[in-house]
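# Topology and contacts: notes
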Amino acid sequence: MKFVISREELLKPLTLVAGVVERRQTLPVLSNILIVVEGDRLSLTGTDLEVELVGRVQLEQPGDAGEITVPARKMMDICKTLPDQSVISVQQDGEKLVIKAGRSRFTLSTLPATDFPNVEEKPRSMEFDISQNVLRHLIERTSIAMAQQDVRYYLNGMLFEIRTGLLKAVATDGHRLALCQANMDISDIELQQVIIPRKGVLELNRLLSEPEQNTKLVISSSHIRAVTNNFTFTSKLVDGKFPDYEQVIPKGGTKEVVAEREELKQVLNRAAILSNEKYRGVRLIVRDNLLQVFANNPEQEEAEESMQIVYEGERLEIGFNVSYMLDVLSVTTSKEIKMTLSDANSSAVIEEVADQSDAIYVVMPMRL
């Protein structure tokens, strides 16, 4: 196997593919990436058995066909540290891979391509095209609420619900919920729900760098695959049942608070400085057109601030995890947000005040 490529052409796919590879692996070959040359096509593949990413590059000149696996991190670090505009020559020499660029020469150990695991092809149940811009929007608006290491493994990911004309993304960690939806040109399909694991969601989001381009999503019983011009991304699905998110969204809240989003974000940011580092609780008091925010910590330090809001109704005092509130304010973009409350023991529903608000957030209250 042999090919010649510019540093810049190789570095982008190599960095993304190497990002999938875990640093600590039980199988040595999983620390490697698979390099395949076929004519003027170079492909790089990385996997951790849960997600797989294949990057494709068009070579200016056809190379010598072949396939081999090499250590992902070392290959990436070599390319990163080479000078800009370097021309890199890569050649297999027995059981070694020789990389040359200018006066630099590196020899890497390899493992056979036959040892590299393959993602099984399963019969596809549906496929459709979606704009990368729309898919990224759905992920970024909802990924804040994904659990990280919850024993309820089905919460450590994101639900995609596909129905005729609509794609919904939902995430919850049991304390908050985020939902975003987009109209889609999908017709005559049965309702389908799939849970994409946390790592799969984050890796997929890294790939969506061409907003104007479409991505093809292919869903099977156990995998989801996203195909773009230069990449093919595959992730296992979480085998579990996602909670009935419709039941989590409170209905019939009577107290509506409208606040300027950026100002509220700054107020909560300042109050958070003196909140309890472990529990992150802040106390909110709403009364006629006024919001007061209080925070304190075990060192007896206190923060107090107020701001003008639009609210008419009886006085209400309620506590929240300030980090959850700030997460919502960071991913929303409208000038104003609306918070719908019932009482001190009920969750808050937060929405954007916009012509077409496509996201909804639910945050549980805290006892302070």
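Refer to the structure presented above.
Here we come to the packing of helix H1 (residues 7-20) against helix H4 (residues 198-207). The interhelical angle for the contact between H1 and H4, taken along N-to-C directions, is 175 degrees, at an axis separation of 11 Å. Classified by the angle their axes make, H1 and H4 are roughly antiparallel. Here Thr15, Leu16, Gly19 and Val20 of H1 lie close against H4, whose contacting residues are Lys199, Glu203, Arg206 and Leu207. The residue inventory of the contact of H1 with H4, partitioned by class, reads three nonpolar, two polar and three charged.

If you walk across this open sheet you meet the four strands as E1-E6-E7-E8, and the pairing is antiparallel. Among the strands making up the open sheet, the edge pair consists of strand E1 (2-6) and strand E8 (104-109). In this sheet, adjacent strand axes meet at a mean angle of 20 degrees when their direction is disregarded. Sheet analysis places E1 next to strand E6 (residues 87-93), joined by five bridges and oriented antiparallel. Within the sheet, the bridge partner assigned to phenylalanine 3 lies in E6 and is valine 90. Docked against the sheet, H1 engages E1 and E6, running at close to 95 degrees with respect to E1.

Attention now moves to the nonpolar core. Core analysis: the largest hydrophobic core is formed by 102 residues, its most contacted members being Leu42, Phe128 and Phe160. If near-sequence neighbours (up to four positions away) are discounted, phenylalanine 128 is found in contact with Ile162, Leu167, Met184, Ile186, Thr215, Lys216, Leu217 and Ile219.

Quick look at the sheet that holds strand E19 (residues 290-296) now. Strand order in this open sheet of four strands is E20-E19-E18-E21, and the pairing throughout is antiparallel. Edge strands, defined here as strands with exactly one partner in the open sheet, are strand E20 (302-308) and strand E21 (316-321). Shown here is a sheet whose adjacent strand axes are inclined to one another by a mean of 20 degrees, direction ignored. Alignment of strand E18 (residues 281-287) against E21, held across six bridges, turns out to be antiparallel. Directly across from valine 282, in E21, lies its bridge partner phenylalanine 320. Along the sheet, helix H6 (residues 261-272) contacts E18, E19 and E20; its crossing angle with E20, the most-contacted strand, is approximately 170 degrees.

Following the criterion strictly, the structure yields 21 salt bridges and no others. Glutamate 203 serves as the salt-bridge partner of arginine 206, at 2.7 Å between the closest nitrogen and oxygen. In this pair, arginine 206 and glutamate 203 are both assigned in helix H4, three residues apart and thus about one turn of the helix distant. By relative accessible area, arginine 206 is classed as partly exposed at 38%. For the salt bridge of glutamate 314 with lysine 255, the shortest nitrogen-to-oxygen distance reads 3.9 Å. Highlighted residues: glutamate 314 in the loop between E20 and E21 and lysine 255 in strand E17 (residues 255-260), separated in sequence by 59 residues. Overlapping salt bridges bring together Arg7, Glu8 and Asp84 as one network.

Summarising burial for helix H7 (residues 322-331): seven of the ten residues are buried, a large majority. Residues Val322, Tyr324, Met325, Leu326, Val328, Leu329 and Val331 constitute the buried set of H7. At the N-terminal boundary of H7, the capping side chain belongs to asparagine 321, with an oxygen 2.8 Å from the backbone nitrogen of serine 323.

Of all eight residues in strand E12 (residues 176-183), six are buried, a share of seventy percent or more. Examined bridge by bridge, strand E11 (residues 166-172) and E12 share seven bridges and lie antiparallel to one another. In the sheet register, leucine 167 faces E12, and the bridge partner there is alanine 182. Two elements, E12 and strand E24 (residues 359-363), share five bridges in a ladder whose sense is antiparallel. Residue leucine 177 lies in a different strand from E24, and its bridge partner there is valine 362.

A few words on the packing of H6 against H7. Closest axis-to-axis distance for the H6/H7 pair is 10 Å, and the angle between their directions is 150 degrees. Regarding the angle of H6 to H7, the classification is roughly antiparallel. When the axes of H6 and H7 are compared, the crossing they make is left-handed. Counting all contacts with H6, which are made through Arg261, Leu264, Lys265, Leu268, Asn269 and Ala272, the residues of H7 involved are Val322, Met325, Leu326, Leu329 and Ser330.

It is worth spelling out unusual backbone geometry at this point. The phi torsion at glutamine 85 lies on the positive side, around 65 degrees, for a residue other than glycine. Residue placement: glutamine 85 occurs in the loop between helix H2 (72-81) and E6. In this model, glutamine 300 sits at a positive phi of 65 degrees, which is unusual for a non-glycine residue. Considering the arrangement of structural elements, one finds glutamine 300 in the loop between E19 and E20.

Basis of the calculations
Residues numbered from 1 in each chain as written. Predicted model: local features only at pLDDT ≥ 70, side-chain atom pairs only at ≥ 80, totals over all residues. Heavy atoms only, no water. Axes fitted to C-alpha atoms, helices over the stretch in contact; angles between N-to-C directions. Helix = DSSP H or I, 4+ residues; strand = E, 2+ residues; numbered from the N terminus. Parallel < 35°, antiparallel > 145°, perpendicular 65-115°, else oblique. Contact = heavy atoms within 4.5 Å. Nonpolar A, V, L, I, M, F, W, Y, C, P; charged D, E, K, R; others polar. Pairing = 2+ DSSP bridges. Core = buried A, V, L, I, M, F, W, Y, C linked by side-chain atoms within 4.5 Å. Buried < 20%, exposed > 50% of the residue type's maximum accessible area, 1.4 Å probe, protein only. Salt bridge = Lys/Arg side-chain N within 4 Å of Asp/Glu carboxyl O. Polar contact = N/O pair within 3.5 Å; in protein donor to acceptor, adjacent residues only side chain to side chain. Left-handed = near helix turned anticlockwise from the far one by under 90°.

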